[in-house]
Amino acid sequence: MKIYADNAATTKMSRTAVDAMLPYMDEIYGNPSSLYTFGQRAREALEDARGRIAACLGCEARELTFTSGGSEADNQAIRSAAALGARKGKRHIVSTAFEHHAVLHTLKRLEGEGFAVTLLDVYENGLVTPEQVRAAIRPDTCLVSVMYANNEIGTVQPVSEIGAVCREAGVLFHTDAVQAAGHLPIDVGPQNIDLLSLSAHKFHGPKGIGALYARRGVALTNLIEGGAQERGRRAGTENLPAIVGMAAALEESCAHLTENAVRISALRDRLIAGLAEIPHSVLNGDPAKRLPGNVNFCFEGIEGESLLLLLDDKGICASSGSACTSGSLDPSHVLLAIGRPHEIAHGSLRLTIGEETTEEEVEYLIEAVQDAVSYLRSMSPVWRDLENGKATHII
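Read on for a plain summary of the structure.

1. Notes on the overall build of the protein chain
Check the secondary structure of the protein chain and you find 14 helices and 12 strands. Taking 395 residues into account, the globule formula puts the C-alpha radius of gyration at 21 Å, and the protein chain, at 22 Å, falls close to it. Principal axes of the C-alpha set define a box for the protein chain whose edges measure 75 × 50 × 35 Å. Burial analysis of the protein chain (395 residues in total) assigns 56% to the buried set. Counting contacts in the protein chain only where the partners sit at least 6 residues apart, residues at least 24 apart contribute 73% of the total. Surface exposure of the protein chain reaches about 16,500 Å², of which carbon and sulfur atoms provide 52%. Both charge centroids of the protein chain, one from 36 positive and one from 50 negative side chains, sit 6 Å from each other.

And the structure:
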């Protein structure tokens, strides 16, 4: 059996998205910036897609800027807020210790440019509270950036409440919604969101395209200079086929969001229950306040890389954390942030299921992981010491 269980890394493009893109590859291929009719047909498609995506987010079309993906959107959002703050003498930013590296690395750069950054600790359940945010905001705070849903452990943050705290304090609020868009309800107005990042390939759209929502009145700082595309906010000819595909994929995902969430959450809970039967294992993140398809476990006495290779031999595509850091031998910064010791964080497994996952596949996943963990422990001198009492179990 072949099972794809790494939807947090990327998703299969939907047939709807593929079909929507095709005409803009070989029929309506004009440049949207051209003045002649052929180009203006492309412009109409561009703005139609922008409007459809805006409707899914509850914002105005002109508040959306197309980017190359979530990382670029995160970078532009944070640098824009920092620039606005600096002009007012505000050079303090609040974020969390378990953000995506697109956020953390940008904040590190800003620290080198004289900004102060406060990274909030994360509770063991993988959640940040509005009270933590309120306590961290200072008179010189210009931005709070808290991800909507964590890309590794799947925990969903109280975005609306955090946004309300920021709105009350007069501080811009940015959320990295790359994992949330198309899977969780988003309505930027009621949720008090000023800046939001998303990426199409996380909800069955094409890779290499994303968007940044910036509330009207929040001026963006350009990362790419050149032409006047995207109202002068992002130079470069727009990737029209990908933008149209993103709009189609997001519309389709949002139209079936509730029914998908119910079905996938039930499969997720069965998967959690099955993996929890493995002795000395622990679920990472809150069991309920998490993405519908996310399951993340640590297994004591094994290495995550070995587990992934065994599962690959069984036809299972999985990961031990973020796809952006899969080449690193360091333990996940997310797991360390929620308090997992290094030796436990090294034995992590992330399974992210989706709309195409079946009950039969979930049962196969449970059996395969149970067998693989048992096999790896049988060969491990570390596990032998734990079982013989020469070392103490942590989990």
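2. Quick notes on the packing of aromatic side chains
According to the stated counting rule, one finds 2 aromatic pairs in the structure shown. Centre to centre, the rings of Tyr29 and Phe38 are 5.0 Å apart; their planes meet at 80°, and the pair counts as edge-to-face. Judged by relative accessible area, Tyr29 falls into the exposed class, the value being 56%. Residue classification places Phe38 among the partly exposed residues on the basis of a relative accessible area of 27%. Aromatic side chains Phe297 and Phe299 sit 5.8 Å apart centroid to centroid with 10° between the ring planes, which places their arrangement in the stacked category. Side by side, Phe297 and Phe299 carry an identical accessibility label, which is buried. Directly above the aromatic system of Phe115 lies the positively charged group of Arg91, at a separation of 4.2 Å from the ring centroid. Sitting above the plane of the Trp383 ring, Arg377 keeps its charged end 4.0 Å from the centroid.

3. Some points on the sheet that holds strand β12 (residues 348-352)
Pairing is antiparallel across the open sheet formed by 3 strands, whose spatial order is β9-β10-β12. In this open sheet, the two strands that pair with only one neighbour each are β9 (281-283) and β12. Each neighbouring strand pair of the sheet contributes to a mean axis angle of 25°, computed without reference to strand direction. Each of β9, β10 (294-299) and β12 is contacted by helix α9 (residues 257-276), which is oriented at about 10° to β10, the strand it contacts most.

4. Focus: the nonpolar core
Ranked by internal contacts, the top residues of the largest apolar core, which has 66 residues, are Val133, Val144 and Met246. The biggest single contributor to this core is helix α8 (residues 240-255), with 9 residues. One finds Ala5, Leu308, Ala372 and Leu376 within the second-largest nonpolar core, a separate group that totals 30 residues.

5. Overview of the sheet that holds strand β8 (residues 210-214)
Pairing in this open sheet of 7 strands is mixed, and the strands run β2-β8-β7-β6-β5-β3-β4 from one edge to the other. Every interior strand has two partners, whereas the edge strands, β2 (64-67) and β4 (116-120), have only one. For this sheet the average axis-to-axis angle between neighbouring strands, irrespective of direction, equals 20°. When strand β5 (residues 141-145) meets strand β6 (residues 172-176), the two strands line up parallel, connected through 3 bridges. Its bridge partner lying in β6, Val144 is registered against Phe173. The sheet contacts of helix α5 (residues 101-112) involve β3 (92-96), β4, β5 and β6, and relative to β3 the element is tilted by about 155°.

6. Topic: helix α13 (residues 359-378)
The end-to-end C-alpha distance of α13, which contains 20 residues, comes to 29 Å, matching closely the 28 Å that a straight helix rising 1.5 Å per residue would cover. Of the residues making up α13, those classed as buried are Glu361, Val362, Leu365, Ile366, Ala368, Val369, Ala372, Val373, Leu376 and Arg377.

Quick notes on the rules
- Residues numbered from 1 in each chain as written.
- Predicted model: local features only at pLDDT ≥ 70, side-chain atom pairs only at ≥ 80, totals over all residues.
- Heavy atoms only, no water.
- Helix = DSSP H or I, 4+ residues; strand = E, 2+ residues; numbered from the N terminus.
- Rg over C-alpha atoms; globule rule 2.2 N^0.38 Å.
- Buried < 20%, exposed > 50% of the residue type's maximum accessible area, 1.4 Å probe, protein only.
- Contact = heavy atoms within 4.5 Å.
- Areas by Shrake-Rupley, 256 points an atom, 1.4 Å probe, with all protein chains shown as cover.
- Lys, Arg positive; Asp, Glu negative; His and termini not counted.
- Charge placed at Lys NZ, Arg CZ, Asp CG, Glu CD.
- Phe/Tyr/Trp six-rings, centres within 6.5 Å; stacked < 30°, edge-to-face > 60°.
- Lys NZ or Arg CZ within 6 Å of the ring centre and 35° of its normal.
- Pairing = 2+ DSSP bridges.
- Axes fitted to C-alpha atoms, helices over the stretch in contact; angles between N-to-C directions.
- Core = buried A, V, L, I, M, F, W, Y, C linked by side-chain atoms within 4.5 Å.
- Expected span 1.5 Å × (residues − 1).

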